[in-house]
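Geometric and topological summary
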Amino acid sequence: MFIRKLKVLLFTSVSGHVQRAGPAGAFLTFFLVVFGLSSMFFRHLPTNQGTGTVPEPLHKNISVDDTLNYKARPNVQTRTPWNAPIIWEGMFDPIIYDQTHVKMNTTVALTVFAVGRYLGAYLKTFLTSAEKYFMLGLPVTYFVFTDIPKDVPYIPLAHRRYMKVIYVKKHKRWQDVSMMRMKTIYEEIDVEIKYTFKYVFCFDVDQEFKGHFGSETLGESVAVIHSYFYKSPEEEFTYDRNPESQACMETGDYYYHASFFGGTWEIVKNITESCYHGIMTDKDNDVEALWHDESHLNKYFWFNKPSKLLSPEYCWDENIEDVRDIRITRLVWAPKNYEELRD
């Protein structure tokens, strides 16, 4: 109705009445012409029909994980049931990932325990190989926990890469070394790591980097699928089945390897603290989980789904003969001689 009245006024003005109105009439005519054209323009703008919402902007911030190509590896699973990516070679562009995280000034802390004979047997190889392949181009600090700080080998480090050696007490049993690291990690996060680093990765020392292990692995909560179980049915997963243990699991979705895990410092603190409390509750009840901290880690990830999974390419045992799915080995198990290493 309002537009119809304006059209009548416009017609009257244009028919010669503008002269009688003087400058005011001319202004009114100009205003009505602009208003009419504007109404026609906005009326024909595209809208989200049926929703009543304003169209989304053409440019918006996206996660670098949105560049993943899930169809690049059709013969393996590339998504979890909760839609988290499972990273395989060929799914990502390492240059895009690394350049993105360099621009974001992403910082990474790596924790590793080299206690007893494990120091001499594995630490030098682990650190040397990490300098060749782990998070190249990003600021990285290695937090080395050991009972013999003076024996930590000198490793030449690249620009913005550092090492901090921290003394820890040696436990009598290797199982306790493995389990009690959880407490040490979350305490170190509270004391120092959370103030400087966004991401934390926690590694076993008896491993060697063999290929690019970059920023495509970064995420809020990161777990690696065990190389011996990624093709196995669930009933073959070696979960702890003892109902008296805090790590007991009747069912699950994947079997995760405790050789490493990671994420933001907040999540890694939560992981390690949760696992430690489960371990200590078991100790109070004179119970020990089947695979120690790995059993507790699997229990944690069952109730707190990881946001990113890494394929067995990220932690491979070279004794496995079936390598049809493995295009690259990025981290491999070092040879084990437990009789000599463990007291």
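Structure's up top.
First, a word on scope: everything that follows refers to the structure included in this document. (Residues numbered from 1 in each chain as written. Predicted model: local features only at pLDDT ≥ 70, side-chain atom pairs only at ≥ 80, totals over all residues. Heavy atoms only, no water.)

**Topic: the overall build of the protein**
Across its full length, the protein holds eight helices and ten strands. In the protein, the share of contacts with a sequence separation of at least 24, taken over all contacts with a separation of at least 6, comes to 73%. Summed over all atoms, the accessible surface of the protein reaches about 18,800 Å², with 56% contributed by carbon and sulfur. (Helix = DSSP H or I, 4+ residues; strand = E, 2+ residues; numbered from the N terminus. Contact = heavy atoms within 4.5 Å. Areas by Shrake-Rupley, 256 points an atom, 1.4 Å probe, with all protein chains shown as cover.)

**Examining the sheet that holds strand β4 (residues 161–167)**
Strand order in the open sheet formed by eight strands is β1-β9-β7-β8-β5-β2-β3-β4, and the pairing between neighbours is mixed. Two strands in the sheet have a free side with no partner beyond their single neighbour: β1 (86–87) and β4. By the bridge criterion, two bridges tie β1 to strand β9 (residues 308–310) in an arrangement that is parallel. The partner of I86 across the bridge, within β9, is L309. Sheet contacts for helix α6 (residues 265–284): β5 (199–204), β7 (221–225) and β8 (256–264); angle to β8, the most-contacted strand, approximately 140 degrees. (Pairing = 2+ DSSP bridges. Axes fitted to C-alpha atoms, helices over the stretch in contact; angles between N-to-C directions.)

**Focus on the environment of H277**
Looking at the secondary structure, you find H277 in helix α6. Along the backbone, H277 and H296 are 19 residues apart, and their C-alpha atoms lie at a distance of 9.6 Å.

**Remarks on the nonpolar core**
One broad trend across soluble globular proteins is that nonpolar side chains are buried collectively. Membership of the largest hydrophobic core comes to 80 residues, with the highest contact counts inside it found for V108, L123, F134, F201, F203, F213 and F260. When residues of this core are assigned to their parent elements, the largest contribution, seven residues, is made by helix α4 (residues 117–133). Not counting chain neighbours up to four residues away, the residues in contact with F203 comprise L110, T111, V112, F113, F126, F134, R181, F209, F213, S259, F260 and L331. Counting residues in hydrophobic clusters, the runner-up holds five residues, among them F229, F237, Y239 and M249. (Core = buried A, V, L, I, M, F, W, Y, C linked by side-chain atoms within 4.5 Å. Buried < 20%, exposed > 50% of the residue type's maximum accessible area, 1.4 Å probe, protein only.)

**Some details on the side chain of R161**
Examined against the element boundaries, R161 turns out to sit in strand β4. Residue R161 is classed as buried on the basis of its relative accessible area, which comes to 5%. Side-chain polar atoms of R161 contact the backbone oxygen of F134, separated by 2.7 Å. Beyond its immediate sequence surroundings of up to four residues, R161 is in contact with A130, E131, F134, M135, L136, G137, L138, V140 and Y142. (Polar contact = N/O pair within 3.5 Å; in protein donor to acceptor, adjacent residues only side chain to side chain.)

**Quick notes on the side chain of N298**
Tracing the chain through its elements places N298 in helix α7 (residues 292–303). The contacts of N298, once residues within four sequence positions are left out, are Y239, M249, Y254, Y255 and Y256.

**Concerning the packing of aromatic side chains**
The full count for this structure, using the stated rule, is 31 aromatic pairs. One aromatic cluster is present, formed by F126, F134, F201, F203, F209, F213, F260 and Y314 through successive ring pairs. Note that R79 overlies the ring of Y70, its terminal NZ or CZ placed 3.5 Å from the centroid. (Phe/Tyr/Trp six-rings, centres within 6.5 Å; stacked < 30°, edge-to-face > 60°. Lys NZ or Arg CZ within 6 Å of the ring centre and 35° of its normal.)

**So, unusual backbone geometry**
Leaving glycine aside, a negative phi is the common case for residues, and trans is the common case for peptide bonds. Despite not being glycine, N83 has its phi angle at roughly 75 degrees, a positive value. Looking at the element boundaries, N83 is found in the loop between α2 (23–43) and β1.

**Things to note about the pattern of salt bridges**
Enumeration according to the criterion identifies 18 salt bridges in this entry. A salt bridge links D65 to K308, with the shortest nitrogen-to-oxygen separation between them at 3.1 Å. One end of the pair, D65, is in the loop between α2 and β1; the other, K308, is in strand β9, and 243 residues separate them in sequence. When salt bridges that share partners are traced, they join D190, K194, K269 and E273 into one network. (Salt bridge = Lys/Arg side-chain N within 4 Å of Asp/Glu carboxyl O.)

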